[in-house]
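Structural features, examined
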Amino acid sequence: MAVETRHRGAVGQSVTKVDGPSLVAGKPVFTLDHDVPGALVGKILPSPHAHAAIVSIDTAEAEAVPGVRAILHHGNVPRVPYTTAGQGWPEPSPYDTVLFDRKVRFVGDRVAAVAAETEEAAEEALRKIRVEYKVLPAVLSPEEALADGAPVIHDEPDAEGIYDAKHNIVAAVDIPVGDVASALAEAHVTAEATCEIPYSQHAAIEPHGVIAYFDEAGRLVLRTSTQVPFHVRRIVARVVGLDPARIRVIKPRIGGGFGSKQEILLEPVAALLALRTGRPVRMAYSREEVFIASRTRHPMRVAVKLGAGKDGVLQAIDMEVLSNTGAYGAHALTVLSNVGSKTLPLYNKAPHLRFRGKAVYTNLPVAGAYRGYGATQGYFALEVAMDRLAEALGMDPIELRKRNHIRVGETSPIFEKIGEGREGTAQVVRSCALADCLRIGAERIGWKENRGRRREDGPWVHGLGMACAMQGSGITGVDMAAATLVMQDDGSFRLLVGATDLGTGSDTILAQIAAQELGVPVDRVLVYSSDTDFTPFDTGAYASSTTYVSGNAVLRAAQSVHRQILDVAAAALGERPEVLELAEGAVASRKTGRRLTLGEIGHRATYVVDQRQIAATASFTCPESPPPFAAFFCEVAVDRETGVVRVERFVVAADCGVAIHPKAAEGQLEGAILQGIGHALCEEMLFAPSGRCVNAGFFDYKLPSSLDTPRIEAILVPSEEPTGPWGAKSISEIGINGPLPAISNAIYDAVGVRLTRAPFTPERVLLALRAAGK
């Protein structure tokens, strides 16, 4: 539910999504729905070993398979180091990847690729590629990777940007503020928590897919399921040695991404196969390949120590992180940085801070971008530690948060010291309704009435838990978006944006932002997005940036078009633009009452007098990253006999500024909460001693279903962000940060044991109960 805002018009309305009817009707809108005649099928040969050198590859028998048209491997492709992370240039991730290497570093790593006339021929060819491996010792945990004498995973001399390759450390940070050790020693009370998150999968409905083909001018076209079309273009051009001007990337509708499609994986392989054969090539991951060969959340261990005075005001926060990046370092530094940068500013009263950590290579699948992007791991430990601190102080957990959270007009040194892989930007919080979120959420869950009063129902015991979080809205000094808005002769508008709608509804929201400024219904704004030939640049859909960064670009373009419309109307009416008002599809004079419809203005500008194209292109670069805030509350029931944990209710109260599309914002929260519940209770990728994932599919990897979904109440608490388009800031990621700590804290309230290793499976709960004698 949302509280009504002061805006009237398109903003603040839950209008029909612009892509809703086509999706509901099952129209062919996704990448692999597109049929390109004569397309070859591309397939990848995965490594069966976690760590091995390739001694030789023999493709003769595979090449003889009828229908095989090309085979790629390290012996016949250029060696170009790059990063698969779709990030702004210069990329903060290391160049530790080549298309096909002489060494494989995890089970599922690329060994070769085949293009054939049929899927059957491609699979037969894969079986007939003869590879001789020299198996090397593998390391399957960060601790093993850091041990003296551990095998070096990246010993190639041409890799760039690795912090300490000899010790398998891809990235490291150490940010001190004040004197944490002394402050902790002098604190009236201290508390700490060390929490662990395992490998987990995004589980988007649509697997990764791409179609590479050539247009009538012989240019390479990549139709791909991606969150970052412009980064795909730049990186593919580098890897395959093609002029970027010869590449066009089209992003159709996406069946979910959550960060997994912020990676350039299949596109360069498909591109090179197409270039080698001169034929279109179609590639898609199977579900097993998505689990193993795409990307995952970074497994982490996060340790937090807190020190506070008698009044509960924090004096010191110490956070230490050990992150497992897997076999390659995509997003390693930036996710590691975000563990601190998105969490520590929330409690800005502490004058002494230290954030340090390492991201470490292992011979396991590659971690990457995942909704929450490090903040999820950080808040797990921070909010469990805050609960422990409240208990040590004899203080209500909500009251402890109230005494320490950041407020309007305040800042934190962390904003300036830590960005995403580099120094950040000093900023002041300009909007924050967290106090209201805490109050409203507590009322809805019945906090005062039920917290600490364990309700028993046979073996089931009920408890309440809570947590807080903040996030960001884009990456300061990095994210840039542009938008082009064109008025047509009938008074309707075309909006061209590079922003990527991956199911979030951003096409709709950007149309609403424009429609609000232009005084027209949303259906008068036709949105065309994510085509590198026809839409202006946008860094892509990640870092909770689209509403704020792309939205501000759209608003600037709409403001320029608004002014041009008034100029044309002023000339037609013989009045000054200052006395004219644009609203409800027409321009009217406040002085005389005379009016012209937008259709009449468009017709006049196009055909009649002083002919011109009413249009504007505008850009927006992220000068600051206004944080959204949220308070999370949940009720759990724990079965003391079996260890089963059931989430009965979940309440989230969130401040995203002005909600452009309230239903979409609520949907973002509800979906993120359910993902977070999965992290807390059941989701974990499991590995054999060989490094092979043993539950790479939806049957064995346990995801919450509709039957597992508790009552989720998402409440939008309004504020107004002065730097945001129509007062808006982000909402898409913050919801996933709260369930892990809130559920852990609720389990403690119910049965008196703290779970600090996710997921909280029945076995782990039962072991914790037995260890505590309960």
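Procedures and definitions
Residues numbered from 1 in each chain as written. Predicted model: local features only at pLDDT ≥ 70, side-chain atom pairs only at ≥ 80, totals over all residues. Heavy atoms only, no water. Helix = DSSP H or I, 4+ residues; strand = E, 2+ residues; numbered from the N terminus. Rg over C-alpha atoms; globule rule 2.2 N^0.38 Å. Buried < 20%, exposed > 50% of the residue type's maximum accessible area, 1.4 Å probe, protein only. Areas by Shrake-Rupley, 256 points an atom, 1.4 Å probe, with all protein chains shown as cover. Contact = heavy atoms within 4.5 Å. Pairing = 2+ DSSP bridges. Axes fitted to C-alpha atoms, helices over the stretch in contact; angles between N-to-C directions. Core = buried A, V, L, I, M, F, W, Y, C linked by side-chain atoms within 4.5 Å. pLDDT = per-residue confidence, 0-100. Left-handed = near helix turned anticlockwise from the far one by under 90°. Nonpolar A, V, L, I, M, F, W, Y, C, P; charged D, E, K, R; others polar. Disulfide = S-S within 2.5 Å. Domains from an automatic or database assignment. Salt bridge = Lys/Arg side-chain N within 4 Å of Asp/Glu carboxyl O. Polar contact = N/O pair within 3.5 Å; in protein donor to acceptor, adjacent residues only side chain to side chain. Phe/Tyr/Trp six-rings, centres within 6.5 Å; stacked < 30°, edge-to-face > 60°. Parallel < 35°, antiparallel > 145°, perpendicular 65-115°, else oblique.

So, on to the overall build of the chain. When you go through the chain residue by residue, the secondary structure sums to 20 helices and 27 strands. Taking 2.2 N^0.38 as the reference for a compact globule, 774 residues should give roughly 28 Å; the C-alpha atoms of the chain span a radius of gyration of 27 Å, in line with that estimate. When each of the 774 residues of the chain is scored for burial, the buried share is 63%. Carbon together with sulfur atoms contributes 51% to the accessible area of the chain, which is approximately 27,900 Å² in total.

This next bit is on the environment of L23. Turning to its location among the elements, L23 is positioned in helix α1 (residues 20-24). By relative accessible area, which is 33% here, L23 ends up partly exposed. Once the C-alpha coordinates of L23 and R253 are considered, the two residues, 230 residues apart in sequence, prove to be 9.0 Å apart. Sequence-distant contacts of L23, defined by excluding residues within four places in its chain, comprise V29, F30 and R253.

Turning our attention to the sheet that holds strand β7 (residues 169-177). Within the open sheet, the five strands sit side by side as β7-β15-β14-β13-β8. Their pairing is mixed. Whereas interior strands pair on both sides, the edge strands pair on one side only; in this sheet they are β7 and β8 (189-197). Here the average twist between neighbouring strands, direction ignored, is 5°. Bridge count between strand β14 (residues 314-326) and strand β15 (residues 352-361): ten bridges; the pairing is parallel. Bridge assignment links N324 to a residue of β15, and that residue is V360. Packing of helix α10 (residues 375-393) onto the sheet brings it into contact with β8, β13 (300-308) and β14, and relative to β8 it is tilted by some 150°.

The next point concerns helix α20 (residues 762-771). Of all the positions in α20, only R764, V765, L766, A768 and L769 are classed as buried. With its phi angle positive at about 70°, G773 sits one or two positions after the end of α20.

Attention now moves to the nonpolar core. F633, I743, I747 and F760 are the most contacted members of the largest nonpolar core, which totals 120 residues. Of the residues forming this core, the biggest block, eleven residues, is contributed by α10. Judged by nonpolar contacts, the second largest core, of 51 residues, contains I509, V520, V554 and A570.

Okay, the confidence of the model for the chain next. For the chain, per-residue confidence averages 96 on the pLDDT scale, and 99% of positions sit at 70 or higher. Across residues 2-6, confidence stays below pLDDT 50; counting only partners more than four residues off in sequence or on other chains, it has seven contacts.

Direction vectors running N to C along α10 and helix α19 (residues 739-751) enclose 30°, while the axes themselves pass 8 Å from each other. Note on packing geometry: the crossing formed by α10 with α19 is right-handed. For the pair formed by α10 and α19, the contact residues are T376, Y379, F380, E383, V384, D387 and E391 on the first element and L740, P741, S744, N745 and Y748 on the second. Residue composition of the contact of α10 with α19, by class: six nonpolar, three polar and three charged.

To summarise the sheet geometry, strands pair through backbone hydrogen bonds and adopt either a parallel or an antiparallel arrangement. Pairing in this open sheet of three strands is antiparallel, and the strands run β21-β22-β23 from one edge to the other. Each end of this open sheet is capped by a strand with a single partner; those strands are β21 (580-583) and β23 (595-597). Strand after strand, the sheet turns through a mean of 15° between neighbouring axes, direction not considered. Strand direction decides the pairing type here: strand β22 (residues 586-589) and β23, joined by three bridges, are antiparallel. Within the sheet, the bridge partner assigned to A588 lies in β23 and is R595. Strands in contact with helix α17 (residues 598-608) are β21, β22 and β23; relative to β23, the strand with the most contacts, it is inclined by about 80°.

Enumeration according to the criterion identifies zero disulfides in this entry. Distance from the sulfur of C432, which forms no disulfide, to the nearest cysteine sulfur (C437) is 7.7 Å. Residue classification places C432 among the buried positions, given a relative accessible area of 19%. There is no disulfide at C622, and the cysteine sulfur nearest it, in C656, is 16 Å away.

Bringing the domain arrangement of the chain into the picture now. For the chain, the domain assignment lists domain 1 (3-24 + 479-621), domain 2 (34-136 + 206-255 + 261-293) and domain 3 (300-475 + 624-771). Centre-to-centre, using C-alpha coordinates, domain 1 lies 37 Å away from domain 3. On the side of domain 3, 27 residues touch domain 1, which itself brings 28 residues to the contact. Counting the contacts that link domain 1 with domain 3 gives zero salt bridges. Viewed at the interface, domain 3 and domain 1 are joined by eleven residue pairs in polar contact (both at pLDDT 80 or more). Residue assignment for the side of domain 1 that touches domain 3 shows that the elements contributing at least two residues are α15 (506-518) and α16 (546-573). A class-by-class count of the residues in the side of domain 1 that touches domain 3 yields eleven nonpolar, 14 polar and three charged.

This model, assessed by the stated rule, comprises 46 salt bridges. Across the salt bridge formed by E263 and R295, the nearest N and O atoms sit 3.0 Å from each other. One end of the pair, E263, is in the loop between β11 (247-250) and α7 (267-277); the other, R295, is in the loop between α8 (287-293) and β13, with 32 residues separating them in the sequence. Residues E263 and R295 agree in their burial class; the two are buried. Of the charged contacts in the structure, one is a salt bridge between D436 and R439, with a shortest N-O distance of 3.5 Å. Placement of both D436 and R439 in helix α13 (residues 434-445) is noted, with a separation of three residues, approximately one turn of the helix. One continuous salt-bridge network, built from bridges that share partners, spans E383, D387, E391, R401, R451, D749 and R754.

Another point: α7. By the criterion of burial, α7 is predominantly enclosed, with eight of the eleven residues buried. Residues of α7 that are buried include every one of E267, P268, V269, A270, A271, L272, L273 and A274, and no others. Count one or two residues on from α7 and you reach G278, which has phi positive near 70°.

This part takes up the packing of aromatic side chains. Going through the model one piece at a time under the given rule, you end up with nine aromatic pairs. With a centroid separation of 5.1 Å and an interplanar angle of 75°, the aromatic rings of F291 and Y701 are classed as edge-to-face. In this pair, F291 sits in helix α8 while Y701 sits in the loop between α18 (662-681) and β27 (711-716), placing the two residues 410 residues apart along the sequence. Each of the two residues, F291 as well as Y701, counts as buried. Taken together, a centroid distance of 6.0 Å and an interplanar angle of 55° make the contact between F380 and F760 tilted. Residue F380 is found in helix α10, and its partner F760 is found in the loop between α19 and α20; the two are separated by 380 residues along the sequence. Like F380, the residue F760 is buried in the burial classification.

One can describe the packing of α18 onto α19 by two numbers: an axis separation of 8 Å at closest approach and a directional angle of 55°. For the element pair α18 / α19, the angle class is oblique. Crossing of α18 over α19 shows right-handed handedness. Note on element contacts: α19 touches α18 through P739, L740 and I743, opposite I673, G676, I677, H679, A680 and L681. Split into classes, the residues belonging to the contact of α18 with α19 amount to seven nonpolar, two polar and no charged.

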